[in-house]
Structures are given as C-alpha cells and as structure tokens.
Amino acid sequence: MPEQSLTLGQQVTLERAALRSLFDELQSRGYKVLGPALREGAIVYDELTSVDDLPVGWTDKQDGGTYRLERRQDDALFGYNVGPHSWKKFLHLPAVRLWQAERTGGKLRIIEEKHETPKLAFFGVRACELRAIAIQDKVLLGGQYADPLYRSRREQTFIVAVNCGQAGGTCFCVSMNSGPRATAGFDLALTEVAGDDRHFFTAEAGSESGLQILKAVPHRIASEEERAAAEARVAKAAGQMGRQLDTTDIKALLYRNYEHPRWDQVASRCLTCANCTMVCPTCFCTNVEDTTDLKGENAERWRKWDSCFTTDFSYIHGGSVRSTPRSRYRQWMTHKLATWIDQFDTSGCVGCGRCITWCPVGIDITEEVRAIRDTEVVPIQSSGNDHGES
Ligand code: SF4
Ligand code: SF4
C-alpha cells in the first residue's frame, strides 16, 4: 500500500529497530525527547539522548508504600508502569520565577521573565497520563484565566503514547475509565509486543503531525495477527488491575460523609507529608513566594508547587483553616473525587495509583472510599407517621 494512503487511526507495524528511527526523526525535527529512564532505583521521566536510554528489560513491582525494580525475562522497552514522576513537571513546572524587580538610584524597575518554550516530545505516555494531561488542560487553560506558560509549553508538545501491556499493583485506570488503552490526546500511540520470537510495535497516528512522523519511519500495514497480538496485551493489562474503585454516586457518597469516623482513622496514620499531591499527575496547586536581597535592591517572585497537606496552604490571618491531618486528608480526597466534579466536570483522579505507591504509610485512596461506602450510616427515612412510630 503506498504510504500516502496512511490515515489517522490506521494500525501499522514498526519493527523494534524502527523505534530508533522514530526517536531520531523526533530529534531531527527539533524536539527535545523526554521519557522514562532509570535513575537511583526508580523509573522517572528525564531527557533521553537515544532510545537506548529507555529502561530496557526492567519492570516495577508496586504496592501500598512499596516500589521495587526487577529484571524482566525479555527486552521490552516499556515493560513497567508509572513511576514517581508525571509529565506535569514539564508542563506545569515545579518552580517558576514570575518576575524580578531592581531598585537603583531610588528607581524601581520590573524585569519581565522571558520563558523559553522548547519543542518537547513525550515518549511513552500512558493512557491514564493522557487523561491527566487533559484534566490539567481544563484546569489551567479552561475558564477565564489561562496560564500562559502552561499554554506555550503544551502547544509545543508532541505526544507518543504507549498502551499498557501489563498493569501495576496499584493501578485502577479501568475503574476511572481512563485506560489502559490510549483513546485520545496523542500524536502517536504504540503497543509493544515483546515475545520469544519477535519484538515489534503496532502504531497509529492520532494527529496530522503524528501522521507525518509515522510516514517518515519504516513501517508497514499491520497484519491481523499483529493487531490481535497487540490487542491481547492491552486486554491482559485491563484484566490485571491491582486495585478497583467503585465510583458509583461517589460525589454524593463523600458529600454525605464529611463526619464519617473513617477520617479520624486515616488521619491517625497520615503524616501529612504531601507525597500524594506531589506525585499526583492532576494536582495543580501552587504558592507564590517573594524574596529580596539583604540590601533591598533586588527582589524576585517565584511560583512553586504547593500542597493542601501543608498548614501554610490554608493559612489566612490568624491561622490555618485546615489545622488537623483529618481536615487536610478529607479535603484532598473529597476534592479529588467529588468537588473536582463540580469545579471541572471531571473526576480529579485517573487511577494511576501513584498516591498509593508513594505514600510512606501505604494509605490507599481506593481502600478509604471502600471503607466509607461499606460503613456509611444511612439515616432512616421518615415513614410519614406523625407519631414517630416505626
Ligand atoms: S496520605 Fe500518605 S502520602 Fe499523603 S500526606 Fe498522608 S502520609 Fe503523606
Ligand atoms: S489521586 Fe492518586 S490514583 Fe488518582 S490520579 Fe492522583 S495519584 Fe493517581
């Protein structure tokens, strides 16, 4: 089939060696390629110089408060799930200087910050992460006040998604309807098939720029067997979820249970360390810090990631609104799963499982919802009997 006829969504096959061509093609078009890499015992997101920087032949084992890397039996390039980093660190930067001020000879000068916006290629974005990026798009670009820095970086981003061929111990994307297959929000989507006899990828373009890059990489139309093998990998991942979350009527459930005793139990374990918010791909809260030098001649204003788990976050004159771990954990979980729906018309959770894996005491959002659901005290409805008899 002539390559001009390649269309969006059409499945093609790339042999393992073609991944290098794909990587090189992105670099030759000026993209800085970012993707998973092994660093200090974890798979994190960092700049990649070649496809060899991927964690080839590694996998991760995850559970509440536990993360371990292990060797795989094969040489899969994407044989692991999500680690402690998410793509938000490249789009919604952890620390940004907003402006500087300088005083000389009694005159004040404001120096506007010039932010560079490199062309970024995200290599290996999972389905839950695509959903998380879509949620941050809503939060940071929707409504009256859009974040110009986020917008400029987002507009320069090319996304290579990878469908999951296995689920991690804390994954629950199926419950949140956000994976394990990438359905929207990518330029290219790959499915890896690493077997004893063959190692290949099926690929499809999700955008015009993705289509142009795919055409430049050695490929052929995928056979029925290749498509079926790729389908089977994703179906296996969907059937292996480490966790489940029943989202039925979840907003009303949490709104009804602000005073549930479970909040005290979880608060007795929670260290309010804020790990769960830092690793979460949708949490977006920031603080603004001003600094000056000792002479008062130079000042800077910085925006930095913040967390609803700190007391400073809700500090207003006289004290913190959420002074207890109970109120802070309750705020975080009800925001994720309930008030977020009122604010942004979507859940704030994509089921990536990071908050469970990276909580030092293994607090599990799916378990907390289950505990509240299973032990909710439902008020007895009035029968309409005026005498109060039942
Ligand atoms: S739930 Fe876990 S990760 Fe989050 S603040 Fe509490 S102890 Fe830290
Ligand atoms: S709340 Fe937890 S599981 Fe949900 S998106 Fe955030 S880190 Fe992932």
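What to know about helix α8 (residues 262-269)
- R262, W263, V266 and A267 are the residues of α8 that are buried. Projected onto a plane normal to the axis of α8, the buried residues spread over an arc of 135 degrees and lie on a single side.
- Residues of α8 that are buried in the fold lie against α7 (250-256), α10 (325-344) and α12 (365-375).

Examining the domain arrangement of the protein
- Split into domains, the protein comes out as domain 1 (12-238) and domain 2 (250-375).
- Of note, the centres of domain 1 and domain 2, computed from C-alpha atoms alone, are 25 Å apart.
- At the junction of the two partners, domain 1 supplies 42 residues and domain 2 supplies 38 residues.
- Approximately 3500 Å² of surface area, both sides summed, lies buried where domain 1 meets domain 2, with 59% of it carried by carbon and sulfur atoms.

A closer look at the pattern of salt bridges
- For the coordinates displayed, the defined rule picks out 28 salt bridges.
- Among the ionic pairs, R109 bridges to E102, the shortest N-O distance being 3.3 Å.
- Residue class for R109 comes out partly exposed when judged on its relative accessible area of 47%.
- Looking at E102, the relative accessible area reads 24%, which means it is partly exposed.
- A salt bridge links K251 to D342; the shortest N-O distance between them is 2.7 Å. Of this pair, K251 sits in helix α7 while D342 sits in helix α10, and the two are 91 residues apart along the sequence.
- Taken together, the shared-partner salt bridges in this structure form one network comprising E15, R198, R220 and E226.

What about the packing of aromatic side chains?
- Summed over the entire model, instances satisfying the criterion amount to 17 aromatic pairs.
- Seen in terms of ring centroids, Y255 and Y258 are 6.2 Å apart; in terms of plane orientation they differ by 25 degrees. Their pairing is stacked.
- A centroid spacing of 5.9 Å and a plane angle of 85 degrees characterise the contact between F284 and F344, whose relative ring orientation is edge-to-face. Residue F284 is located in the loop between α9 (275-279) and β13 (286-292), and its partner F344 is located in helix α10; the two are separated by 60 residues in the primary sequence. Accessibility classification places F284 together with F344 in one group, the buried group.
- Geometry around W58 places R71 over its ring, the cationic atom sitting 4.5 Å from the centre.

Considering the pairing of strand β3 (residues 42-47)
- Of the strand pairs in this sheet, strand β2 (residues 32-39) and β3 are connected by six bridges, and their pairing is antiparallel. The residue bridging R39 from the neighbouring strand is A42, located in β3.
- In textbook terms, the turn of a hairpin is the stretch between consecutive antiparallel strands, and for β2 and β3 this stretch comprises two residues, one of which, E40, has a positive phi near 50 degrees.

Re helix α6 (residues 224-238)
- Across its 15 residues, α6 extends 21 Å between first and last C-alpha, which sits within 8% of the 21 Å expected from 1.5 Å per residue.
- Buried residues of α6: E226, A230, V234 and A237, and no others. Summarising the axial view, the buried residues of α6 lie within an arc of 70 degrees, below the 170-degree limit, and thus occupy one face. Summarising the geometry of α6, the exposed residues directed more than 90 degrees from the buried face are E224, E225 and A235.

Comments concerning the sheet that holds strand β8 (residues 120-125)
- The strand order across the open sheet formed by eight strands is β3-β2-β8-β9-β10-β11-β1-β12, and the pairing between neighbours is mixed. Of all strands in the sheet, those with a lone pairing partner are β3 and β12 (220-221), marking the two edges.
- Across four bridges, the pairing between strand β1 (residues 12-15) and strand β11 (residues 199-205) is antiparallel. Its bridge partner lying in β11, L14 is registered against F201.
- Contacting β3, β8 and β9 (157-162), helix α3 (residues 127-141) runs over the sheet at an angle of about 135 degrees to β8.
- Contacting β1, β10 (188-194), β11 and β12, α6 runs over the sheet at an angle of about 90 degrees to β10.

What counts, and where the lines are drawn
Residue indices follow the written sequence of each chain, beginning from 1 at its first position. Just so you know, chain letters begin at A and ligand numbers begin at 1, following the order they were written in. Given that the model is predicted, a residue must reach a pLDDT of at least 70 before its local features are reported, and side-chain atom pairs must reach 80 or more before they are shown or counted; all residues, however, enter totals for whole chains, interfaces and linings. Excluded from the side-chain calculation are hydrogens and water; included are all heavy atoms of the structure. A simple rule labels every residue: compare its accessible area, found with a 1.4 Å probe on the protein chains alone, to the largest value its type can have, and call it buried under 20%, exposed over 50%, or partly exposed in between. Put simply, DSSP marks the helices as runs of H or I at least four residues long and the strands as runs of E at least two long, and each gets a number from the N terminus on. Of all possible arcs, the one meant is that of the directions from the helix axis to the C-beta atoms. In what follows, residue pairs with any heavy atoms lying within 4.5 Å of each other are defined as contacts. Reported domain spans reflect what an automatic or database domain assignment gives. By convention, the term buried area covers the 1.4 Å-probe accessible surface removed from two parts as they join, with the contributions of both added. A pairing counts as a salt bridge when a side-chain nitrogen of Lys or Arg comes within 4 Å of a carboxyl oxygen of Asp or Glu. Note on aromatic pairs: the rings of Phe, Tyr and Trp (six-membered ring only in Trp) are paired at centre separations within 6.5 Å, and the planes decide the class, stacked below 30 degrees, edge-to-face beyond 60, tilted for the rest. By definition here, charges over rings are those cases where NZ of Lys or CZ of Arg is within 6 Å of the ring centre and within 35 degrees of the ring normal. Whether two strands pair comes down to DSSP finding at least two bridges between them. Expected span of a helix: the number of residues minus one, times 1.5 Å. Axes here mean lines fitted to C-alpha atoms, for a helix over just the part in contact, with angles spanning 0 to 180 degrees between N-to-C directions.

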